[in-house]
Structure formats: C-alpha cells, structure tokens
Amino acid sequence: MSEVKIAAELRTEFGKGAARRTRRANKVPGVLYGHGTDPVHISLPGHELLLALRTPNVLLALDIEGRNAELAIPKAVQRDPLKGHLEHVDLLLVKRGEKVTVEIPVLTEGDLAPGTFLVENVLNTLTVEAEATHIPESVTVSIEGLEAGASILAKDISLPKGTTLAIDEDAVVIQILAAQAEEPAAETESTEDAANAEA
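Residues numbered from 1 in each chain as written. Predicted model: local features only at pLDDT ≥ 70, side-chain atom pairs only at ≥ 80, totals over all residues. Heavy atoms only, no water.

Caption draft 1: Spatial organisation of the sheet that holds strand β12 (residues 164-165). Pairing is mixed in the open sheet, where four strands are placed in the order β10-β7-β9-β12. The open sheet has two free edges, formed respectively by β10 (139-142) and β12, since each of these has just one partner strand. Here strand β7 (residues 99-109) runs beside β10; their pairing, made up of four bridges, is parallel. Following the sheet pairing, Leu 107 is matched in β10 by Thr 140. (Pairing = 2+ DSSP bridges. Helix = DSSP H or I, 4+ residues; strand = E, 2+ residues; numbered from the N terminus.)

What follows is the structure in structure tokens.
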C-alpha cells in the first residue's frame, strides 16, 4: 500500500468553538496517538484527507510542522450525518514492520448458480492482522456457482502473504439464501373485495 503524504498543523485551541473554526478553514481536527506517547492534537487539510480516506486503512505520512514524518492509519472517522463532511479523525501511530489489527472490506465476484438466490454478507469486513505498511485494501471472495445453504467461513478466504485472521476462523462471512416467494396475488384481491363489500 502506498503512503499518502499530508501536511498537518499542531492545534493549540480545543473545544467545540475551536473545532468549528478549524472546520470553517477547511481543515479537520484530529488526534494522533499510540506507542505510549501523549496524544498530539493536529489539524489536517480537509480535501486532501477526504481523498486519502477513500482508501480503507490508508497509510498516512504526516508532516507535522517540520518534525520527522509520522506514519499513521485512521482508527475512527466522524462525519456530519447529513452532509458527509469530515468532522474529526483519530489516527493511530504505526511503525514500519509493526503489526496492526484492522478491518478490511470483503468483496464478492462471480455468479451464483441458476435460480433465485440471494447473497447475504454476514460480515462486510474481515478483521485481520497485517504489517502497518502492507495492509491489504480488501479481500475478494468467489461466489461462483453457489446455491442456497452454501456459506463461506473466514478460514475459507485466502489472504495476502503476511496477513492473518484476527477473528474466529469459523465465523460465517457470506451465506447464500433462497429468495422468498412473493405472496400470492389472490390474497390481495380477496382483501380488496372484502374492503369493497364493507364500503
């Protein structure tokens, strides 16, 4: 995974008013923590951060006012529930070679067996342990030819080299269900007839 370089500034003002001023300047307040160090309060450029966060578990190389670049991954991102703007971000310090536990998206490929079947993503993400600088963006699972009753467990998913499962290997990730038949049309008609009779 490539690093995304972002310039950050140290924050000296705190509280809701200060956070609002930071956001008005098109910046996002954040906290950088980890490795037993005191949390560092920073602000990051909003647009650049928004683009970077399109990649799950993106590795950020933070240039904080001329200090040595710090590597971090996003741990918690708060967005405005209506507008989707970034409101706050918690970043976790990482080091090259260090293992971290993250959630990566599960994608599916292929076509189910002929028939009316549904794919249920029991887990949309898979919790894995990977080297901080080599976190996979996602895992892809083939559902080719599967029928109702089939399921894919965590242990069935092949992970990139250096990545290991951090959840129960027997956890169900995807299962295939039979589509429910629609209610017969006759029942609807009889209900309408009854309503007309009452009128």
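Caption draft 2: Focus on the layout of surface pockets. Reported here for the largest pocket is a volume of approximately 290 Å³. Forming the boundary of the largest pocket are 13 residues, of which Arg 23, Asn 26, Val 28, His 85 and Leu 86 lie nearest the centre. Looking at the lining of the largest pocket, the elements with two or more residues in it are β2 (27-34), α2 (46-52) and β6 (86-94). The biggest single contributor to the lining of the largest pocket is α2, with three residues. Among the residues making up the lining of the largest pocket, the classes are represented as three nonpolar, five polar and five charged. Of the voids in this model, the second largest pocket is the one considered here, and its volume is about 180 Å³. Taken together, Leu 53, Thr 55, Pro 56, Asn 57, Ile 73, Pro 74, Lys 75, Ala 76, Val 77, Thr 101, Val 102 and Glu 103 make up the lining of the second largest pocket. No other element matches strand β5 (residues 70-79), which puts five residues into the lining of the second largest pocket. Of the residues that constitute the lining of the second largest pocket, the class distribution is seven nonpolar, three polar and two charged. (1 Å grid on protein atoms, 1.4 Å probe; cavity = no way out; pocket = protein on both sides within 12 Å on 5 of 7 lines; lining within 4 Å. Points joined across faces, edges and corners; volume = space filled by probe spheres on them. Nonpolar A, V, L, I, M, F, W, Y, C, P; charged D, E, K, R; others polar.)

Caption draft 3: Molecular detail of the nonpolar core. Membership of the largest hydrophobic core comes to 24 residues, with the highest contact counts inside it found for Ile 73, Leu 126 and Ile 174. For this core, the secondary structure elements donating two or more residues are β4 (59-64), β5, β6, β7, β9 (125-131), β10 and β13 (172-178). Sort the elements by how many residues they give to this core and β7 lands first, with four residues. Ala 8, Leu 32, Ile 42 and Leu 93 belong to the second-largest nonpolar core, a separate cluster that totals 19 residues. (Core = buried A, V, L, I, M, F, W, Y, C linked by side-chain atoms within 4.5 Å. Buried < 20%, exposed > 50% of the residue type's maximum accessible area, 1.4 Å probe, protein only.)

That's the geometry; what it means functionally is another story.
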